[in-house]
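Residues per chain are reported as follows:
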Amino acid sequence: MKELIIFDLDGTLVNTIADLAEATNYALGKCGYPLHSRESYPMMVGNGVLRLIERALPEDARTKETIEKVRSHFTEYYDEHCTDLSRPYPGMAELLKDLVDEGIKVAVASNKYQSAVDKIIRHYFPDIEWSAIEGHKAGMPVKPDPSIVFEILSIVPTRKQKVLYVGDSGVDMQTARRACVDSVGVTWGFRPEKELTDNFADRIVNNTDEIYRIATAKDPF
């Protein structure tokens, strides 16, 4: 049985794409740049806010100064509206409670900036006893660099064989591989299943019940 489950946030725990799209379009509009359809955003997210903004900007506008200007408008909006349209995925709250009841620790590892991660997690999962909630901090590399996993393991010391990393993207699967922990890719997130297989997910699941079975199995891999 696993002792620690580390979850990605966006596309894994919570469907945040609508609020991310609204915040990015708000920021683009404030700076006079074209907006994008909500459907185009799943392929832009996953590598942190700066990369999201870079991808959303026209190629000839992707300067450091412009990205920073748009980012400031993004955070101004997102700080106030990050829970307007986002929703937890079906069964996620129940899964988290069941894992904690089994004595399995749960943690979050996100490329989203720390204050937004804290707000979203506390808003949607207020009754869950989280062992660690880690978002991106200044000076810290973003996933797939495994530093965020190592930070969680410094807070919650756990043998790597007893750790499971759950995410919805190739970035997440690469993060798990670089940290040398088992990975589970979920099919309900922002990226296609092929991206998970191409990035060597150890297991792929279609619902939260499958995560529970893997986490509690004596020999799941």
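See the structure printed just above.
Residues numbered from 1 in each chain as written. Predicted model: local features only at pLDDT ≥ 70, side-chain atom pairs only at ≥ 80, totals over all residues. Heavy atoms only, no water.

1. Observations concerning unusual backbone geometry
The step from K143 to P144 runs through a cis peptide bond, and the omega angle for that step is 20°. Mapped onto the secondary structure, P144 falls in the loop between strand 5 (132–136) and helix 6 (147–155). (Helix = DSSP H or I, 4+ residues; strand = E, 2+ residues; numbered from the N terminus.)

2. Focus on the packing of helix 2 (residues 49–56) against helix 3 (residues 64–81)
At a minimum axis separation of 10 Å, helix 2 and helix 3 run at an interaxial angle of 115°. It follows that helix 2 is roughly perpendicular to helix 3 by the angle criterion. You can see that helix 2 and helix 3 cross each other, and the crossing is right-handed. For the pair helix 2 and helix 3, contact is made by V49, L50, L52, I53 and E54 and by I67, V70, R71 and F74, respectively. Here the residues of the contact of helix 2 with helix 3 sort into seven nonpolar, no polar and two charged. (Axes fitted to C-alpha atoms, helices over the stretch in contact; angles between N-to-C directions. Parallel < 35°, antiparallel > 145°, perpendicular 65-115°, else oblique. Left-handed = near helix turned anticlockwise from the far one by under 90°. Contact = heavy atoms within 4.5 Å. Nonpolar A, V, L, I, M, F, W, Y, C, P; charged D, E, K, R; others polar.)

3. Description of the packing of aromatic side chains
What describes a pair of aromatic rings is the distance from one ring centre to the other and the angle between the planes of the rings. Tallied over the full model, the rule gives five aromatic pairs. On the basis of an interplanar angle of 45° and a centroid distance of 6.3 Å, the ring pair of Y89 and W188 is categorised as tilted. Of this pair, Y89 sits in the loop between strand 3 (87–88) and helix 4 (92–101) while W188 sits in the loop between strand 7 (182–186) and helix 8 (193–198); the two residues are 99 residues apart in sequence, bridging distant segments of the chain. We classify W188 as buried; its relative accessible area is 18%. An angle of 65° between the planes, with centres 6.1 Å apart, marks the rings of F125 and W130 as edge-to-face. We note that F125, like W130, is buried. Put simply, the rings of F74, Y78 and Y113 touch in pairs and so form one group of aromatic residues. (Phe/Tyr/Trp six-rings, centres within 6.5 Å; stacked < 30°, edge-to-face > 60°. Buried < 20%, exposed > 50% of the residue type's maximum accessible area, 1.4 Å probe, protein only.)

4. With respect to the pairing of strand 1 (residues 4–7)
Residues L4 and I6 point to one face of strand 1 and I5 and F7 to the other, with burial holding for every one of them. Relative to strand 4 (residues 105–113), strand 1 is paired through four bridges, and the arrangement is parallel. Pairing of F7 across the sheet is with V108, part of strand 4. Pairing of strand 1 with strand 6 (residues 163–167), which is carried by four bridges, proceeds in the parallel orientation. From the neighbouring strand, F7 faces strand 6, where its bridge partner is V166. (Pairing = 2+ DSSP bridges.)

5. Quick word on helix 2
Inspection of helix 2 places V49, L52, I53 and A56 among the buried residues, and these make up the whole buried set. Here the buried residues of helix 2 occupy an arc of 95° about the axis, which is enough to place them on one side. Residues of helix 2 that are buried sit in contact with helix 1 (17–30), helix 3 and strand 4. (Arc of directions from axis to C-beta.)

6. Focus on the environment of Y165
With respect to the element layout, Y165 can be found in strand 6. Given the relative accessible area of 0%, Y165 is considered buried. Considering only alpha carbons, one finds Y165 and I5, 160 residues apart in sequence, at a separation of 5.9 Å. Those residues in contact with Y165 that lie beyond four places of it in its chain are I6, D8, A109, K143, V149, D172, T175, A176, V181, D182, S183 and V184.

7. Quick notes on the side chain of D19
On the secondary structure map, D19 appears in helix 1. Among buried charged residues, D19 stands out as having no salt bridge; its nearest opposite-charge side chain is R87, 6.0 Å away. Setting aside its immediate chain neighbours within four residues, D19 contacts Y78, H81, C82, T83, D84, L85 and S86. (Lys, Arg positive; Asp, Glu negative; His and termini not counted. Salt bridge = Lys/Arg side-chain N within 4 Å of Asp/Glu carboxyl O.)

8. A look at the pattern of salt bridges
The full count for this structure, using the stated rule, is eleven salt bridges. Taking the shortest distance from any N to any O, the salt bridge between R51 and E54 comes out at 3.5 Å. Of this pair, R51 and E54 both sit in helix 2, separated by three residues, roughly a single helical turn. A relative accessible area of 35% places R51 in the partly exposed class. We classify E54 as partly exposed; its relative accessible area is 29%. Between D172 and K143 there is a salt bridge, and its shortest N-O distance comes to 3.1 Å. With D172 in helix 7 (residues 170–179) and K143 in the loop between strand 5 and helix 6, the pair connects residues that are 29 residues apart, well separated along the chain.

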